[in-house]
Amino acid sequence: MWRRCLLSGTVLWLAAAAPASAFMAYVSNEKGNTVSVIDTDSWTVTKTIKVGQRPRGIEFSRDGKFVMVAVGDDDTIQVIDAKKQEVVDTLPSGPDPELFTQDAAGKIMYVANENDNTVTVIDLEKRARIGDVQVGVEPEGMTISPDGKILINTSETTNMAHFIDTSTRQIVANVLVDARPRFAEFKHDGSELWVSSEIGGTVSIVDPVKHVVTGKVTFSIPGLRSEAIQPVGIGMTKDDKTAFVALGPANRIAVVDAVSHKVTKYLLVGQRVWHMAFTPDEKYLLVTNGVSNDVSVIDVAAQKVIKTIQVGELPWGVTIAPQ
Amino acid sequence: MVRWLVAAIGLIAMATPVRAAEPIEIGIGYLGRAGVQQRLSLVEQPAENDGIAGVRLAVEDNNTTGKFLNQRFNLEEVRLREGEDVAKAATALADRNGFIIADLPPDALLQAADALRDRGTVLLNAGAIDDRLREQDCRANVIHVAPTRSMLADALAQYLVWKQWKRWFLVVGSHDKDKLYADALRRAATRFGAKVVQEKTFEDTGGARRTDSGVTLIQRQMPVFTQQIPAYDVLVAADESEVFASYLPYRTWDPRPVAGSAGLVPTSWDAAQDQWGAVQIQNRFMKLNSRRMTALDMQAWTAARMIGEAASRTNSGDPKKLFAFLKGPDFSVAAFKGTRLTLRDWNLQLRQPILLVDGRMVVSVSPQEGFLHQVSELDTLGVDRPETKCKLQ
């Protein structure tokens, strides 16, 4: 007890003195129906929050006050108060929400609903559903362009990245990519859109103006059959020079030169690596390992795995509080 | 010609706002048989629309995608009754459809294939599991989406060997297809290091599959049938004709698990499959058809999805282009089995993982870990390239 008080006191003091170093990472555990909270100073799980069924997509609100987690089997998105570290509200997401994204102001949320081929638009302040966009079969990956004008949704069975105008909520372009596109990420300068194809085994580089695939990142790991390489989550450094791609059951993170689109290194992590999040100072990258029930910590500058943290059952998504 | 005419009309109608071009129409025919095979278990009794229900869902999925590519998929269904001319029916379907998904017995499938050979219509075999259709009787215009007996038998054998259940008591039905399945199982045992310690034939003496007091008799019959067998680990039953296998679990003389046609069953799909995003297709299927998805439904869905995939990748509705893409090195399709499915170029058989199911749960998925292959681990299932008797022409 004394220890606990002393420890938490120290943490509080540290947080106050050096706010840049301690971050809180929230990890959704798909099977455990929990969210694990990780302190990035001590690299320990400080709290496990009970949530709804099958939590996957997870993201901080732009103001850093709330963590939103899509609980697909409960057909809703739950809102966790980051201070209280408990579920305080729910959002009307539509059926089976998996991944979602927000606009820059944090006012509008876009949710991929796998079961009815739609993207749902939610007003975060009113907590109300204000629109739908019909997209391809099994919508999944969601991201928004840096200028906020274009929303991207990927559909897993249609195999497309849909470009949606955020002002009119109309599809303006559809770009065919390789099989089962799961995740989309823009470069920070908006010059490229990266889309990972889990079954196709590639990452497509899309020109966001011309709406064409201009290149592909391919992966090859000696001793591993190509079917086991299944790209999912993507993380891009702020300088747009380096990307990290999670390769699922290949149990590796590929480090990609984001200019030449060539893989420079493979980092061995846990089993079935899914998604990732940088600490705001970009010193560390946290990745979730779905089958081994842990999170690997990567030193971004050194491009090395420095730590593994045990979390709940089948960790899937991760988000870290903005500064 | 029609396209030109449409364009010309478009030009004349310049005053009206510009409309999107007419969608490219892609016709898919479905050639199945009327009626369904009786199963021992009432729970497993197939629905009237077994198979075609999968095509309907895939056509819906293809059309959702087609919306963005200006492609429209149409489905035309024909059911053959006993004795009806399959070649005639196939030819009539081929007049309007570049692709025909077939659920036919092996000989009827070959007749259809040969009737369509010269017109370039492609058949997608969704139902027949006979190895000979991919071997000595292979045809250059038939793609096989259904797994083969040998793929199913190998998938089961890999798991039983992994489980160290290597001593098999093989019980074989008296019909031809039961014997073919037994051949595949014996071959699998030899390939993967299992041993058939005893083999027995279960004669089909006729009679109804459903009776009011059947259980009493079966409970006496099955233990007697399975006694005095040398020490074995697992009873493997080859009973595609649905005569006895489902009576074996819990009734064997020795307390042993049952596999093959009952107990642990190898299959391309199961209503319990929920991995790799499968819940999505299970939900979509249920919503459309108000029942659960069977292996035949999935095989037919995959066949129609392959056509859709080829159409979107080539941005074309020309069956020749689509077929060339399907046979080419760039083709793969996702079908909720955790890996991409591709075609074996030597006999146009779709490579696929095989599920091992017990009727309630998916117990395992083959190929099992450790069964290695220099090209694809999926080729540890079934007849491989060096052994093939197929010469595509």
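Residues numbered from 1 in each chain as written. Chains lettered and ligands numbered in written order. Predicted model: local features only at pLDDT ≥ 70, side-chain atom pairs only at ≥ 80, totals over all residues. Heavy atoms only, no water.

Examining the overall build of chain A
Working step 1: What chain A contains, in helices and strands, is one helix and 28 strands.
Working step 2: Taking 2.2 N^0.38 as the reference for a compact globule, 323 residues should give roughly 20 Å; the C-alpha atoms of chain A span a radius of gyration of 19 Å, in line with that estimate.
Working step 3: Dimensions of chain A, computed from C-alpha atoms along their principal axes, come out at roughly 60 × 50 × 35 Å.
Working step 4: Taking as baseline every contact in chain A between residues at least 6 positions apart, the subset at least 24 positions apart corresponds to 41%.
Working step 5: Carbon and sulfur atoms make up 51% of the accessible area of chain A, which totals about 12,800 Å². (Helix = DSSP H or I, 4+ residues; strand = E, 2+ residues; numbered from the N terminus. Rg over C-alpha atoms; globule rule 2.2 N^0.38 Å. Contact = heavy atoms within 4.5 Å. Areas by Shrake-Rupley, 256 points an atom, 1.4 Å probe, with all protein chains shown as cover.)

Re the overall build of chain B
Working step 1: When its secondary structure is counted, chain B shows 10 helices and 16 strands.
Working step 2: In terms of overall size, chain B behaves like a compact globule, its C-alpha atoms giving a radius of gyration of 23 Å where 393 residues would be expected to give roughly 21 Å.
Working step 3: Burial status across chain B gives 54% buried among its 393 residues.
Working step 4: Taking the intrachain contacts of chain B between residues at least 6 apart in sequence as the baseline, contacts between residues at least 24 apart amount to 69%.
Working step 5: Only carbon and sulfur atoms are counted for the fraction: they give 52% of the accessible area of chain B, which is about 18,100 Å².
Working step 6: Across chain B, the mean location of the 49 positive side-chain charges is 2 Å away from that of the 47 negative side-chain charges. (Buried < 20%, exposed > 50% of the residue type's maximum accessible area, 1.4 Å probe, protein only. Lys, Arg positive; Asp, Glu negative; His and termini not counted. Charge placed at Lys NZ, Arg CZ, Asp CG, Glu CD.)

Some remarks on the domain arrangement of chain B
When the parts of a complex come together, some accessible area is lost, and that lost area is often used as the size of the interface.
Residue and element names in this part refer to chain B.
Working step 1: Domain boundaries in chain B define domain 1 (24–147 + 270–352) and domain 2 (150–267).
Working step 2: Put simply, the middle of domain 1 and the middle of domain 2, counted by C-alpha atoms, are 30 Å apart.
Working step 3: In this complex, domain 1 contributes 16 residues to the contact, which on the side of domain 2 involves 16 residues.
Working step 4: Carbon and sulfur atoms supply 54% of the area that domain 1 and domain 2 bury against each other, a total of about 1,300 Å² over both sides.
Working step 5: The interface formed by domain 1 and domain 2 holds one salt bridge in total.
Working step 6: Among the salt bridges present, the one from R39 reaches E242, with a minimum N-O distance of 3.2 Å.
Working step 7: Taken together, the links from domain 1 to domain 2 amount to five residue pairs in polar contact (both at pLDDT 80 or more).
Working step 8: Its residues placed into classes, the side of domain 1 that touches domain 2 shows six nonpolar, six polar and four charged. (Domains from an automatic or database assignment. Buried area = accessible area lost by both parts, 1.4 Å probe. Salt bridge = Lys/Arg side-chain N within 4 Å of Asp/Glu carboxyl O. Polar contact = N/O pair within 3.5 Å; in protein donor to acceptor, adjacent residues only side chain to side chain. Nonpolar A, V, L, I, M, F, W, Y, C, P; charged D, E, K, R; others polar.)

Quick word on the state of the cysteines
All names here are of chain B.
Working step 1: Under the counting rule described, the total for this entry stands at one disulfide over all chains.
Working step 2: Each sulfur in the disulfide pair C138 and C390 lies 2.1 Å from the other. Residues C138 and C390 are joined by a disulfide whose S-S torsion is about 90 degrees; by sign, that bridge is right-handed. Taken together, the residues C138 in the loop between β4 (122–125) and β5 (142–144) and C390 in the segment after β16 (362–366) connect sequence positions 252 residues apart. By the burial criterion, C138 is buried, and C390 matches it. (Disulfide = S-S within 2.5 Å.)

Describing the sheet that holds strand β5 (residues 66–71) of chain A
Residue and element names in this part refer to chain A.
Working step 1: In space, the four strands of this open sheet follow the order β4-β5-β6-β7, with antiparallel pairing throughout. In this open sheet, the two strands that pair with only one neighbour each are β4 (55–60) and β7 (86–91). With direction set aside, neighbouring strand axes in the sheet form an average angle of 30 degrees.
Working step 2: Two elements, strand β6 (residues 76–81) and β7, share five bridges in a ladder whose sense is antiparallel. Note that in β7 the partner of V79 across the bridge is D89. (Pairing = 2+ DSSP bridges. Axes fitted to C-alpha atoms, helices over the stretch in contact; angles between N-to-C directions.)

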